[in-house]
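Examination of the molecular architecture
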Amino acid sequence: MLFFLLFLGVPLAVYVMFVVSPFVQSFYYSLTSWSGLSPSMEFIGLENYRRIFADDVFWKSLRNNLILLIVLPTVTIMSIRSRGSHRILLLGTADRADGGQ
């Protein structure tokens, strides 16, 4: 039993401290109107989430990220299969012998 506590308990405690705890804290902070500098926090619930889902800039940035999520792996896979094509697709030019001049 001591072996399991030391072998699994210590890494699990470190994981909870450095991974899970920041997620919980950031979710709690997202439910407040705290600026990060003032000592007082006002609990506003889900108002921050309502505001961001009504923002056009948020939806545009989400769309751009989804496009990148699809395009970049596709270009990477294509470049592995046909060497050099990613240089043409991403940079617009292939490698030149004269160093690009």
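We now turn to the structure provided with this report. (Residues numbered from 1 in each chain as written. Predicted model: local features only at pLDDT ≥ 70, side-chain atom pairs only at ≥ 80, totals over all residues. Heavy atoms only, no water.)

Its 26 residues place the ends of helix H3 (residues 56-81) 38 Å apart at the C-alpha level, agreeing with the 38 Å of an ideal helix rising 1.5 Å per residue. The N-capping residue of H3, defined by a side-chain oxygen 3.3 Å from the backbone nitrogen of Val57, is Asp55. (Helix = DSSP H or I, 4+ residues; strand = E, 2+ residues; numbered from the N terminus. Expected span 1.5 Å × (residues − 1). Polar contact = N/O pair within 3.5 Å; in protein donor to acceptor, adjacent residues only side chain to side chain.)

On the surface, Ile52, Phe53, Trp59, Leu62, Leu66, Ile67, Leu69, Ile70 and Val71 cluster together into a nonpolar patch covering about 840 Å² of accessible area. At the level of elements, helix H2 (47-53) and H3 are the ones that each hand at least two residues to the nonpolar patch. Here the nonpolar patch gets seven residues from one element, more than from any other, and that element is H3. Mapped onto the secondary structure, Leu62 falls in helix H3. For Leu62, a relative accessible area of 32% corresponds to the partly exposed category. (Patch = residues over 30% accessible without salt bridge, like charges linked within 9 Å, V, L, I, M, F, W, Y side chains within 5 Å. Areas by Shrake-Rupley, 256 points an atom, 1.4 Å probe, with all protein chains shown as cover. Salt bridge = Lys/Arg side-chain N within 4 Å of Asp/Glu carboxyl O. Buried < 20%, exposed > 50% of the residue type's maximum accessible area, 1.4 Å probe, protein only.)

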